[in-house]
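Take a look at the letters that make up each chain.
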Amino acid sequence: MRLAVYGSWHLAEVYSIGLCFLGHHVRLVSDKAIYNGYINGKPPVFEPGIAEGIANYVQQKMLSFSHDIADKSNKTDICFFAQDVNIVASGVDMKDIERHFRKVAKSGLFKIIVVSSQTPIGTMRAWQKKYKNISIVYFPEFLRFGAALKLFVEPDSIVLGGEPQAVSRVLEVFSNIQSPKFSVSLEEAEMSKHAANI
């Protein structure tokens, strides 16, 4: 399956290599500075297996890069929105994360956007009402630095929140993973991420 990943830090690099490992072709969209690093085989954050994965999957033509979300060659049914959130005194910098999401949603290139960025409960429902041209699926991540890639491809479980038809489509991405999979509401998926952090 051809997939897109949007993000410029740790989460996006792990998702991109993990999805390639699962057999998919991935287009990773990041900002210009991070893009330049990827082109030279240098991920933005050290994580075991990522630099090696970049070299391997670029050579196999399974991984490519872009710094322009509006580039028509990014078009695919599913985009994983893996933008790490900025933390400010009041909590998550919602203006920044929605600015990124708006660019992806308004590109018109994707049918389903799979969000993993941690935001307040209810954010996904609000975004779904605002951006009616796409389906949002919330995919909470339970990764740890130093073991992120292994945890992505060998998770204890997979939780996906959203409308059943969109969730079913995203489940196809993880068909090679034998872990338990749970289809829940957007709010329940958001809650599972917050509960894991307690």
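Quick summary incoming for the structure in this document.

Calculation rules
The written sequence of each chain sets the order in which its residues are numbered from 1. Totals for whole chains, interfaces and linings use every residue, but because this is a predicted model, local features are given only for residues with pLDDT of at least 70 and side-chain atom pairs only at 80 or more, for both listing and counting. Processing note: side-chain calculations cover all non-hydrogen atoms of the structure and skip hydrogens and water entirely. Each reported salt bridge corresponds to a side-chain nitrogen of Lys or Arg within 4 Å of a carboxyl oxygen of Asp or Glu. Each helix corresponds to a stretch of at least 4 residues labelled H or I by DSSP, and each strand to a stretch of at least 2 residues labelled E; elements are numbered beginning at the N terminus. Lines fitted to C-alpha atoms define the axes, with helix axes restricted to the stretch in contact, and inter-axis angles between N-to-C directions lie between 0 and 180 degrees. Working rule for angles: under 35 degrees goes down as roughly parallel, over 145 as roughly antiparallel, 65 to 115 as roughly perpendicular, anything else as oblique. The crossing is said to be left-handed when, going from far helix to near helix, the turn is anticlockwise and less than a right angle, and right-handed when the turn is clockwise. Contacts were defined at the residue level, with two residues in contact if any of their heavy atoms lie within 4.5 Å. Polar here means any residue outside two lists: the nonpolar Ala, Val, Leu, Ile, Met, Phe, Trp, Tyr, Cys and Pro, and the charged Asp, Glu, Lys and Arg; Gly therefore counts as polar. The cut-offs for exposure are 20% and 50% of the maximum accessible area for each residue type, with area from a 1.4 Å probe on protein chains only; residues under the lower value are buried, those over the upper are exposed, and the others partly exposed. When we speak of the arc, we mean the arc of directions from the helix axis to the C-beta atoms. Put plainly, a pocket is an open set of points on a 1 Å grid over the protein atoms alone with protein on both sides within 12 Å along at least five of seven lines, a cavity is a set where a 1.4 Å probe fits but cannot get out, and a lining residue has an atom within 4 Å of a point. Grid points are joined across faces, edges and corners, and a volume is the space filled by probe spheres set on the points.

## Re the pattern of salt bridges
At step 1: The final tally for this structure, using the stated rule, is eight salt bridges.
At step 2: The closest approach of N and O atoms between glutamate 187 and arginine 125, which form a salt bridge, is 2.9 Å. With glutamate 187 in helix α8 (residues 186–196) and arginine 125 in helix α5 (residues 123–130), this residue pair connects regions lying 62 residues apart in the sequence.
At step 3: Glutamate 172 is the partner of arginine 169 in a salt bridge, and the nearest nitrogen-oxygen pair spans 2.8 Å.

## Some details on the packing of helix α4 (residues 94–106) against α5
When two helices pack together, their arrangement is given by the angle between the helix axes and by the axis-to-axis distance.
At step 1: Interhelical geometry of α4 versus α5 gives an angle of 40° and a closest axis separation of 13 Å. With respect to each other, α4 and α5 are oriented oblique. The handedness of the crossing between α4 and α5 is right-handed. Of the residues in α5, those in contact with Met94, Ile97, Glu98 and Phe101 of α4 are Thr123, Trp127 and Lys130.
At step 2: Of the residues in the contact of α4 with α5, the class split is four nonpolar, one polar and two charged.

## Some remarks on helix α3 (residues 50–59)
At step 1: The complete set of buried residues in α3 reads Ile50, Gly53, Ile54 and Tyr57. Around the axis of α3, the buried residues are gathered within 105° of arc, so they sit on the same side. Exposed residues lying more than 90 degrees from the buried face of α3 are Glu52 and Gln59.
At step 2: Remark: lysine 61 follows α3 within two positions and exhibits a positive phi of approximately 60°.

## Some remarks on the layout of surface pockets
At step 1: The volume enclosed by the second largest pocket comes to roughly 230 Å³.
At step 2: As for the second largest pocket, its lining consists of 14 residues, and the residues nearest its centre are Phe142, Leu151, Pro155, Asp156 and Ser157.
At step 3: Residue classes in the lining of the second largest pocket are distributed as ten nonpolar, one polar and three charged.

## Some points on the side chain of serine 117
At step 1: Within the secondary structure layout, serine 117 lies in the loop between β7 (112–115) and α5.
At step 2: Exposure remark for serine 117: the relative accessible area of 2% places this residue in the buried category.
At step 3: Leaving out residues up to four positions away in the same chain, serine 117 has contacts with Phe81, Gln83, Val85, Ile97 and Tyr138.

## As for the environment of valine 153
At step 1: Examined against the element boundaries, valine 153 turns out to sit in helix α6 (residues 148–153).
At step 2: Overall, valine 153 belongs to the buried group, its relative accessible area being 14%.
At step 3: For the pair valine 153 and tyrosine 15, spaced 138 residues apart in the sequence, the C-alpha separation amounts to 9.3 Å.
At step 4: In contact with valine 153, other than residues within four places in its own chain, are Gly18, Phe21 and Ile177.

## Regarding the packing of helix α1 (residues 10–21) against α3
At step 1: The N-to-C vectors of α1 and α3 enclose an angle of 50°; their axes lie 10 Å apart at closest approach. With respect to each other, α1 and α3 are oriented oblique. Crossing of α1 over α3 shows left-handed handedness. Residues Glu13, Val14, Ile17, Cys20 and Phe21 of α1 pack against Ile50, Gly53, Ile54 and Tyr57 of α3.
At step 2: Across the contact of α1 with α3, the residue classes break down as seven nonpolar, one polar and one charged.

Shape descriptors only; they carry no functional weight alone.
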